[in-house]
Amino acid sequence: MKKTVDFIKEKTNNFQPEIGIILGSGLGELADEYCDYAIPYTEIPNFVKSTVQGHKGRLVFADISGKKIVMMQGRNHFYEGHTMEEITYPVKVMKTLGVKTLILTNAAGAVNESFKPADLMIIKDHINFMGTNPLIGKNDDTLGERFPDMSEIYKKNLIELSKKCAKDLCIDIKEGVYWANSGPSYETPAEINMIRILGGDAVGMSTVPEAIVGNYCGLNILGISCITNAASCTEGSKLSHEEVIEAAAKAKTKFKALIIKLIQSL
Ligand code: HPA
């Protein structure tokens with residue numbers, strides 16, 4: 001960790017971010033528009049490089065409205081074959097750099113039938129169905145406790161603030177439970193049905209490991225999903241990664257406006 005953090009501090013002239021944002025599939029444009037320093041993951045000691053389409057794979061530092069921000073433009077996923085420890089390492093790095101608030105974003109399939117592609121959903125809670133947990137293994141007591149409380153991962157004050165920001169921007173925002181599968185295959189109609197019955201509103205393949213680790217090390221977390229498709233709820237409706245990226249592109253203007261407004265309000 002010291003090696004990673006020293007490298008980043010040197011490259012960024014000792015930039016001290018207070019807000020961290022992980023930008024999901026198709027939502028990375030914010031980091032193109034606001035970028036004071038950028039470091040490709042490949043250059044950062046102990047980072048793994050991102051392999052999925054639609055992800056750039058760099059850490060971007062920017063001052064937005066006087067707030068110091070670090071953004072992950074592209075994230076690593078469990079389905080790429082990385083370990084849970086590898087994919088959540090950047091969250092620990094952000095914490096060590098001084099981040100207090102972490103905004104997690106992703107592209108997700110709608111399970112709730114009232115959601116449609118290009119809707120934004122505030123994550124009010126999650127269900128971890130990835131079959132593992134990023135905190136398995138020896139605990140580092142300097143970061144967090146062995147058995148972390150999970151009663152309010154996604155902070156109520158941040159949820160309320162997001163709703164207010166969305167209202168001010170006339171964005172119709174949804175709220176729901178994010179269900180995480182490991183992927184990389186999308187869900188079958190029977191699985192979507194199960195997720196709905198068990199309380200999921202949207203389904204994706206990320207975010208939950210980062211939320212677990214962020215909560216564990218004391219970060220205030222906000223999660224926002226961009227609904228990119230009706231998860232395969234009707235038999236015969238085909239789903240592709242291209243469709244997901246396309247829908248995220250449709251939502252990106254309001255997504256960016258919301259994130260900027262949030263940053264200004266924090
Ligand atoms: N399922 C899982 N992950 C996803 C989906 C989906 O339908 N859409 C975007 N990411």
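As shown above, the structure is provided for reference.
Below, the structure is looked at part by part. (Residues numbered from 1 in each chain as written. Predicted model: local features only at pLDDT ≥ 70, side-chain atom pairs only at ≥ 80, totals over all residues. Heavy atoms only, no water.)

**Some words on the layout of surface pockets**
Put simply, the largest pocket is a space of about 320 Å³. The wall of the largest pocket is formed by 22 residues, among which Ser-25, Ala-107, Tyr-186, Met-205 and Val-244 lie closest to the centre. Where the lining of the largest pocket is concerned, the elements lending two or more residues are β5 (101-110), β8 (202-204), β9 (220-230) and α7 (241-265). With 4 residues, β5 is the single largest residue contributor to the lining of the largest pocket. Classifying every residue of the lining of the largest pocket by side-chain character gives 11 nonpolar, 9 polar and 2 charged. (1 Å grid on protein atoms, 1.4 Å probe; cavity = no way out; pocket = protein on both sides within 12 Å on 5 of 7 lines; lining within 4 Å. Points joined across faces, edges and corners; volume = space filled by probe spheres on them. Helix = DSSP H or I, 4+ residues; strand = E, 2+ residues; numbered from the N terminus. Nonpolar A, V, L, I, M, F, W, Y, C, P; charged D, E, K, R; others polar.)

**As for the pairing of strand β6 (residues 120-128)**
Inspection of the sheet shows β6 paired to strand β7 (residues 173-180) by 8 bridges, in the parallel sense. Bridging from a neighbouring strand, Met-121 pairs with Lys-174 of β7. Taken together, the 3 bridges between β6 and β9 define a ladder with antiparallel strand orientation. From the neighbouring strand, Leu-120 faces β9, where its bridge partner is Cys-226. (Pairing = 2+ DSSP bridges.)

**Here's the deal with the packing of helix α4 (residues 156-168) against α7**
As a packed pair, α4 and α7 sit with axes 9 Å apart at the nearest point and diverge in direction by 120°. One way to sum up the angle between α4 and α7 is to call them oblique. Read as a crossing pair, α4 and α7 show a hand that is right-handed. In contact with Leu-161, Ser-162, Cys-165, Ala-166 and Asp-168 of α4, α7 contributes Leu-258, Lys-261, Leu-262 and Ser-265. Of the residues in the contact of α4 with α7, the class split is 5 nonpolar, 2 polar and 2 charged. (Axes fitted to C-alpha atoms, helices over the stretch in contact; angles between N-to-C directions. Parallel < 35°, antiparallel > 145°, perpendicular 65-115°, else oblique. Left-handed = near helix turned anticlockwise from the far one by under 90°. Contact = heavy atoms within 4.5 Å.)

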